[in-house]
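As a plain string of letters, each chain reads:
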Amino acid sequence: ANAFLSVKAATSKSIALAAFLCILSPICLLVLGAVSESPGYGLEEHAAGGIGMIILLLFVTAAVAVFILSGRKTAAYGYLEKDVFETEYGVSGMVTERKAQYSGTYTRNNIIGASLCIMALAPLLGGAVINEGDGLLLTLMLSASFVIAGIGVVFFISSGIVWASYEKLLQEGEYSKENKENQPIIAAVSVAYWLIATATYLGYSLSTNNWGYSWVIWVAAGIVFPAIVMI
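Residues numbered from 1 in each chain as written. Predicted model: local features only at pLDDT ≥ 70, side-chain atom pairs only at ≥ 80, totals over all residues. Heavy atoms only, no water.

**Student:** Looking at this structure, how should I read the overall build of the chain?
**Tutor:** On a plain count of helices and strands, the chain comes out with 11 helices and 0 strands. The N-to-C order of helical and strand elements in the chain reads α-α-α-α-α-α-α-α-α-α-α. Each of the 231 residues in the chain was classed as buried or not, and the buried ones make up 29%. Within the chain, contacts between residues separated by at least 24 positions form 75% of all contacts whose residues are at least 6 apart in sequence. Counting every atom, the chain has about 13800 Å² of accessible surface; 69% of that belongs to carbon and sulfur. Taken together, the 11 basic and 15 acidic charged side chains of the chain have centroids lying 12 Å from each other. (Helix = DSSP H or I, 4+ residues; strand = E, 2+ residues; numbered from the N terminus. Buried < 20%, exposed > 50% of the residue type's maximum accessible area, 1.4 Å probe, protein only. Contact = heavy atoms within 4.5 Å. Areas by Shrake-Rupley, 256 points an atom, 1.4 Å probe, with all protein chains shown as cover. Lys, Arg positive; Asp, Glu negative; His and termini not counted. Charge placed at Lys NZ, Arg CZ, Asp CG, Glu CD.)

Dropping the structure here:
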């Protein structure tokens, strides 16, 4: 139990960092694209796109490597998410005590994460107020919004993984014995649901070529999914 908690505490930071890299990855592409469209900088559009995509791929590659490495470190404890188990004497008490001690940190990090994600809109709105017609300024402000939201996500992920590790050992919440018994049904429904969502997205986007708005399908699918799981 102690080894599992230690591994999850360590990987929570690396996974949060990897997620942060994914969020930052398109910033260079966006900024260089805006620079290429602004007179006076002398940057060709194809060069901006090429450099931006290379940096994006480097960021994503680094993030994927971290995800795989973190998954490798925790693979031995995968059964805790699926199997019903019994703990040795004193383990539940120890985990419950550590969970209670971490409760304040978990709540604080969630508040910080939520506040940052909400305030991430402020730079973009501020740029629109300053000069709505300046594409480069708006892109820089959008990039700042990505950074702020990314920091908020880091708080969510790092504390969420640690909190989930306590729940896995105590078999509470999402990892309760009842949920584990229903896991095969939930897994089958989840696979079917997201395949249908993907087919709907691609079918609509390809038939209408309306890629600029079809992403809303993913937002709607994400909102509806928890209700489907509950049903």
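From this point, the narrative continues.
**Student:** I would appreciate a short explanation of the nonpolar core in the present structure.
**Tutor:** Note that soluble globular proteins tend to have their nonpolar side chains buried in a common cluster. With 12 residues, the main nonpolar core is built from Phe4, Leu5, Leu80, Phe85, Val91, Val95, Tyr102, Val162, Trp163, Tyr166, Leu169 and Leu170. Contributing elements (two or more residues each) for this core: α1 (2–24), α5 (91–119) and α7 (135–170). Looking at this core element by element, the count peaks at 5 residues for α7. Leaving out residues up to four positions away in the same chain, leucine 5 has contacts with Met94, Arg98, Ser165, Tyr166 and Leu169. Grouped together as the second largest cluster of nonpolar side chains are 7 residues, Phe20, Leu24, Val31 and Val35 included. (Core = buried A, V, L, I, M, F, W, Y, C linked by side-chain atoms within 4.5 Å.)

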